[in-house]
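Here are the chains, one letter per residue:
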Amino acid sequence: MPCSPSLRSAMRVCSRSALLLVLLGVLRHGGASAGLLELSLGKFRNVLLNQTSPVEAVIRNIGSNVTVVVFQVHAQQSDVVISFDKTPSVNSSGVGVDRGLVSILRPQQTVCTWYLRALDAGQVLSTAISIPYMEKDPIPGGCNLEFDLEVDPNLYLDYTLVDIHIKFAPANLGYTRGANPPSCDSGTGQSSRWRLRYDVYQYFLPENDLSEMVLVSHIRKMSEVQSIKANGIKMLTLTTDDKTNVYFSSLPGQGVIYNVIVWDPLWNTSAAYIPVHTYACSFADLVDNCSSLSKLSTKVFFTAFAVLGLFTCFFGHRFWKTDLFFMGFIVSAFFFFVFITRVTGLGYDVRLILTAVAGIVGGLLLAGSWWRFGSVLLCMFVVGLVLGFLFVSTLFFTPLGDYRVFRDDVVFWVTFTSVALMVPVLFVGCPRILNILASGIVGSYTVVLAIACYVYTSLAYITLDLLRRVLNDYFNRAYTNVPFQRNDLIILSVWAMLALSGVTVQLRRERSEVPFPPHPYLTWKRERERRSTNVLDPSHHIPPLKERIHNKLLHIKEFFQKDQPAGERTPLLL
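From a predicted model like this one, the values you see are computed outputs, not experimental measurements. (Residues numbered from 1 in each chain as written. Predicted model: local features only at pLDDT ≥ 70, side-chain atom pairs only at ≥ 80, totals over all residues. Heavy atoms only, no water.)

(A) Examining the overall build of the protein chain more closely. Along its length, the protein chain carries 13 helices and 18 strands. Counting only contacts in the protein chain whose residues sit at least 6 apart along the sequence, the fraction spanning at least 24 positions is 75%. Looking at the protein chain as shown, the accessible area adds up to about 30000 Å², and 62% of this sits on carbon and sulfur atoms. (Helix = DSSP H or I, 4+ residues; strand = E, 2+ residues; numbered from the N terminus. Contact = heavy atoms within 4.5 Å. Areas by Shrake-Rupley, 256 points an atom, 1.4 Å probe, with all protein chains shown as cover.)

Dropping the structure here:
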């Protein structure tokens, strides 16, 4: 039932209905809202938390073969406090939306207890699970030296608009109940923790879906070892020699879950850390929150850009100067935005306005250079360069871009530039084909960029990741994997259809025409000389421009003057 913002009673009814739906969802999934939460090993339970009444989570009848229990709780956007005691302390609790604790079991211990509550006021929907591990399983975070907990199985995530940084504590080898834990620094041989391997996994939530229940249902797929391997995407493997830091490209508005599996190759056993999720945006901000990421200036800029691109896609070669203006706009706007972002601290809207002005100037310069010099080779070099940059960006948008060799900036930019320059070189013998291909493919891609301002699509990151790499010195360390779901497939089909249609229409229309129009400056110069020497040409008798302007102004002035009455204008003499 929709909520009416103008009626208070309707708002109360809607809020109560929403709370009732949440309660029903919690009860349906077997949750608890207050007091005692009974858990079973490996079973998820939903629970409503508040700030004033901690929930006691208890698991009973733990088998003697279990040596470690990892307890974890997840919420979408509100922080949760998880602790071993009713009164949390720094060394015995964790705070966050995805947090967990490791309970090292004593001999004969069969019961474990933890305490949960919301950090802030209000009801918080969360899901909790306890996962058992045996004596040969590695212990996530067992060699923690950086964070507060003695054994810390958590992944710590920070994000910006550019990248996501994940760090975690190294694991330790498993051991029996009552024994001393293996030393973390006793050596680097195969009998120590240095033999452990860390596999980092990534999982994408459904696009354009920010609901709590979707997160709760999908985060279960990334909590246990077997489900992580079945549903997640393995991004990389770290050894103990590597730093436990990983970077990914940021995808604002797209839900992503990350987790790490630590693997002991000697015993072929594994354990999972606490999964962590992010949308790379804030739910609480009034402006630019997760529901409205694109600024108005961005929407206006790329919508106008898409209109010009769509025209170029179907009529670029016919309207040659407009096509040149479009390509010159892209080149000058891109490099000017990079320059002004790196050397100034101006706001985004100001930079975008100046970028539009610089793009218009660049487009006019390229069109003007064609009018004055008439060099098809120079213009085709710029057009081919734009198509080459889009082609190489698409190549690096694939898994090829995450190869370790391309983390080196020198290797990346040399490869990028070389492949981009190959496009105008390969088409040097058929410039008309190159121009039609470029106008069709590049022009249709502007429609994709415009759609991305209103609906999330991963295809926008074809060029956005290139811009990030240019603007940020450390973006080379980030993995740039993105989801490819139903929306992306539809938008890719639209892009392919527009590009194919535009290229086909232009090829059929231009096949009987001259490849390129004649040199405009020479044509104008010959026409001027002809008019000046041919007295029979009516244009020869056209007055100079200054005189024509003066006559026009006089004509306009006469138009606004009142007509004088005809006849005698003086009184009759008596």
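(B) Seen up close, empty space enclosed by the protein. For the structure on display, the rule yields three cavities of 30 Å³ or more. There is about 200 Å³ of room inside the largest cavity. The set of elements that each furnish at least two residues to the lining of the largest cavity consists of helix H7 (376-397), helix H8 (409-426) and helix H10 (461-471). With five residues, H10 is the single largest residue contributor to the lining of the largest cavity. Grouping the amino acids of the lining of the largest cavity by side-chain chemistry returns nine nonpolar, four polar and four charged. (1 Å grid on protein atoms, 1.4 Å probe; cavity = no way out; pocket = protein on both sides within 12 Å on 5 of 7 lines; lining within 4 Å. Points joined across faces, edges and corners; volume = space filled by probe spheres on them. Nonpolar A, V, L, I, M, F, W, Y, C, P; charged D, E, K, R; others polar.)

(C) Inspection of the sheet that holds strand E4 (residues 68-75) at higher detail. The antiparallel open sheet is built from four strands, whose spatial order is E2-E9-E4-E7. The open sheet has two edge strands with one neighbour each: strand E2 (45-49) and strand E7 (98-104). Pairs of neighbouring strands in the sheet enclose a mean axial angle of 25 degrees, with direction left out of account. For E4 and E7, the ladder comprises seven bridges, and the chain directions are antiparallel. Along E7, the bridge assignment pairs Val73 with Arg99. The sheet contacts of helix H2 (residues 212-219) involve E2, E4, E7 and strand E9 (124-133), and relative to E9 the element is tilted by about 0 degrees. (Pairing = 2+ DSSP bridges. Axes fitted to C-alpha atoms, helices over the stretch in contact; angles between N-to-C directions.)

(D) Layout of unusual backbone geometry. Positive phi outside glycine occurs at Gln108, with the angle close to 70 degrees. Looking at the element boundaries, Gln108 is found in the loop between E7 and strand E8 (112-118).

(E) Broad picture of the layout of surface pockets. Approximately 440 Å³ is the volume found for the second largest pocket. Every residue lining the second largest pocket is counted, 21 residues in all, and those nearest its centre are Gln77, Asp79, Val97, Tyr159 and His277. Put simply, the parts of the chain that give the lining of the second largest pocket at least two residues each are strand E6 (93-96), E7, strand E10 (155-159) and strand E17 (276-278). Of all the elements, E10 adds the most residues to the lining of the second largest pocket, at four residues. Across the lining of the second largest pocket, the residue classes break down as 12 nonpolar, six polar and three charged.

(F) Just the side chain of Asp199, in detail. Checked against the element boundaries, Asp199 lands in strand E12 (residues 197-204). Taking the relative accessible area as the measure of exposure, Asp199 reaches 10% and is therefore buried. A distance of 2.8 Å separates the side chain of Asp199 from the side chain of Thr237, its partner in a polar contact. Discounting chain neighbours no more than four positions away, the residues touching Asp199 are Lys234, Leu236, Thr237, Asn259, Val260 and Ile261. (Buried < 20%, exposed > 50% of the residue type's maximum accessible area, 1.4 Å probe, protein only. Polar contact = N/O pair within 3.5 Å; in protein donor to acceptor, adjacent residues only side chain to side chain.)

(G) Geometry of the sheet that holds strand E18 (residues 478-479). In spatial order, the strands read E10-E11-E14-E18; together these four strands make up an open sheet with mixed pairing. Of all the strands in the sheet, the pair left with one neighbour each is E10 and E18.

(H) Representation of the state of the cysteines. Taken as a whole and assessed by the stated rule, the structure comprises two disulfides. A disulfide bridge connects Cys143 with Cys184, and the sulfur atoms are separated by 1.9 Å. As the torsion about the S-S bond is roughly -90 degrees, the Cys143-Cys184 disulfide counts as left-handed. With Cys143 in the loop between E9 and E10 and Cys184 in the loop between strand E11 (163-168) and E12, the pair connects residues that are 41 residues apart, well separated along the chain. Given the relative accessible area of 4%, Cys143 is considered buried. Relative accessible area serves as the criterion here: at 19%, Cys184 is assigned to the buried category. Between Cys281 and Cys290 runs a disulfide, and the two sulfur atoms are separated by 1.9 Å. In this structure, the disulfide formed by Cys281 and Cys290 twists by about 110 degrees around the S-S bond and is classed as right-handed. We classify Cys290 as buried; its relative accessible area is 8%. In the protein chain, the bonded cysteines, numbered by position in the sequence, are linked as 1-2, 3-4. (Disulfide = S-S within 2.5 Å.)

(I) Representation of the pairing of E4 within the structure. Extensive coverage of E4 is indicated by the burial of eight of its eight residues. Judged by which residues are buried, E4 turns out to be covered on both faces: Val68, Val70, Gln72 and His74 on one side and Val69, Phe71, Val73 and Ala75 on the other are all buried. Where E4 and E9 come together, eight bridges link them in antiparallel fashion. Counted as the bridge partner of Val68 is Tyr133 from E9.

(J) Just the nonpolar core, in detail. The biggest cluster of nonpolar side chains holds 89 residues, and the ones touching the most others in it are Tyr198 and Phe248. Ranked by the residues each element gives to this core, the list is headed by H7, at eight residues. Here this core gathers at least three residues from each of two domains, domain 1 (39-179 + 193-278) and domain 2 (296-510). Beyond its immediate chain neighbours, meaning those up to four positions away, Phe248 contacts Val162, Asp163, Ile164, Ile166, Val200, Gln202, Met235, Leu236, Tyr258, Ala478 and Tyr479. Counting 24 residues, the second largest nonpolar core, distinct from the first, contains Ile59, Val69, Phe71 and Leu116. (Core = buried A, V, L, I, M, F, W, Y, C linked by side-chain atoms within 4.5 Å. Domains from an automatic or database assignment.)

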